[in-house]
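So you can see what is in the structure, the chains are spelled out below.
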Amino acid sequence: MHGRLGILTRRLSIVATASLVAGCNWSQSILAPRGSHAETIDILSWAFFIGGGAILALVAGCLAAAILLRRELTAWMANNNFIIGLGIVFPVITLTAILTFSAVTSRAFLTAEDAKIRIEVIGEQFWWRVNYLDGQGKPAFATANEIRIPVDTPVEFILKTQDVIHSFWVPNLAGKLDMIPGRINSITFAATAPGIYRGQCAEYCGAQHALMAFYVVATSQAEYDAWLAQQSGDAPEPASPFLAQGQEVFLASGCGACHTVRGTPANGLLGPDLTRVGSRLSIAAGTYPVNVGTLAGWTSSAQHLKPGNLMPSFGNLQGEQLRAVAAYMESLK
Ligand code: CUA
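Sequence positions are assigned chain by chain, starting from 1 and proceeding in written order. Where local features are concerned, this predicted model is filtered to residues with pLDDT of at least 70; where side-chain atom pairs are given and counted, the filter is 80 or more; whole-chain, interface and lining totals use all residues. No hydrogens and no water enter the side-chain calculation; it runs on all heavy atoms of the structure.

*Asks:* How do you make sense of the sheet that holds strand E8 (residues 185-189) when you look at a structure like this?
*Replies:* In this description, strands pair whenever DSSP reports at least two bridges between them. Elements are defined by DSSP. Helices are runs of H or I of four residues or more, strands are runs of E of two residues or more, and each kind is numbered from the N terminus. Read from one edge to the other, the open sheet built from five strands follows the order E3-E2-E1-E5-E8, with strand pairing classed as mixed. Of all strands in the sheet, those with a lone pairing partner are strand E3 (139-144) and E8, marking the two edges. Taken over all neighbouring pairs, the strand axes of this sheet differ in orientation by 25° on average, direction set aside. In the packing of helix H5 (residues 221-232) onto the sheet, the strands contacted are strand E1 (117-124), strand E2 (127-133) and E3, and the crossing angle to E3 comes to about 95°. Orientation is described by lines fitted to C-alpha atoms, with helices fitted over the stretch in contact, and by angles between N-to-C directions that extend from 0 to 180 degrees. Whether two residues touch is decided by their heavy atoms; if any such pair falls within 4.5 Å, the residues are in contact.

*Asks:* Any chance you could explain H5 here in plain terms?
*Replies:* Since one α-helical turn is 3.6 residues long, residues separated by three or four positions face the same way. Taking 1.5 Å of rise per residue, 12 residues should cover 16 Å, and H5 covers 16 Å from first to last C-alpha, within 8% of that figure. Note on exposure labels: buried denotes an accessible area under 20% of the residue type's maximum, exposed denotes more than 50%, and partly exposed covers the range between, all computed with a 1.4 Å probe on protein chains only. Within the sequence span of H5, burial applies to Tyr224, Trp227 and Gln231. Mapping the buried residues of H5 onto a view down its axis gives an arc of 65°, with all of them on the same face. Turned more than 90 degrees from where H5 packs its buried face, Ala222 and Ala229 sit exposed. For H5, the elements touching its buried residues are E1, E2, E3, strand E4 (146-150) and strand E10 (213-219). Multiply 1.5 Å by the residue count of a helix minus one, and that product is the helix's expected span. The arc under discussion is defined with respect to the helix axis, by the directions toward the C-beta atoms.

*Asks:* How should the pairing of E2 be read in this particular structure?
*Replies:* Residues in a regular strand project their side chains so that they alternate between the two faces of the sheet. When you tally the buried positions in E2, you get seven out of seven residues, the bulk of the element. Judged by which residues are buried, E2 turns out to be covered on both faces: Trp127, Arg129, Asn131 and Leu133 on one side and Trp128, Val130 and Tyr132 on the other are all buried. Two elements, E1 and E2, share six bridges in a ladder whose sense is antiparallel. In the strand pairing of E2, Glu120 is matched with Asn131. What sits between E1 and E2 in their antiparallel hairpin is a turn of two residues. In this structure, E2 lies alongside E3, joined through five bridges in antiparallel fashion. Opposite Arg129, over in E3, you have Ala144 as the bridge partner. In this antiparallel pair of consecutive strands, E2 and E3, the connection spans five residues, and Gly137 shows a positive phi of 85°.

Have a look at this one:
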């Protein structure tokens, strides 16, 4: 019994430490709102938490008084007025107030400002396809697992899924919205401060649901424009013989059947667009940082690192081929 209690307290302390650490860097936290919707959610949460806490204290106080005090001192509790007042009138008034407050406050989610930018995000097993849309609503260019937006600009996210239900959630910026097969959901919000905000799939979608994360990078308008210009063009040409060898391995190994690298014969659509993969913060949907080592590891052992994802492990590549192909991908920025 003592042993089990020990394990439980250790687990609880690990969870508490993890939440503290997550809370301290604020990179994925509802307690650090940096978006128009998140600020509203923050206000609602604190109002409910403080209000609910006060009511709990009141009820617990009455209960404690009824149990602990002598009967003469608590006779007033048996009074009809007290029972009707605190048992019926008080809940009706508070619940109506809460409902009204919540309905009025959360109108901010519906009366969205006009979106300046429209981005289609498609949930896949287990990553995020991100299409920046042009004025006609057609994909202008694609990226993956990372969304760049300028601050203080309303952005419409058009949410779809390729397979099962996923849920789009960036706690610092907005609430969750599900991606449902056969439906298109849309949510419009703005980031109110520059920063890197981690998002996470919030609906169990299969074996690698836990490793389905992404980043929203909010920057100044100028930085965003520069990023846009860089991303929307073709991939850079290999700048050295070694990188050219990497491109050759990439194309010869059939990577182009699933991945697109714009400006090369690789035009597959099954997997993430890799045109600028070297410029991203992560590969495998927030699982690893981008560098030659992780790219090589992922290419040779994708099934070992994230079992059940759709990328096969290319364990057949020899050391130099693997180094070259990883260096080529890292150079795509
Ligand atoms: Cu996608 Cu959980």
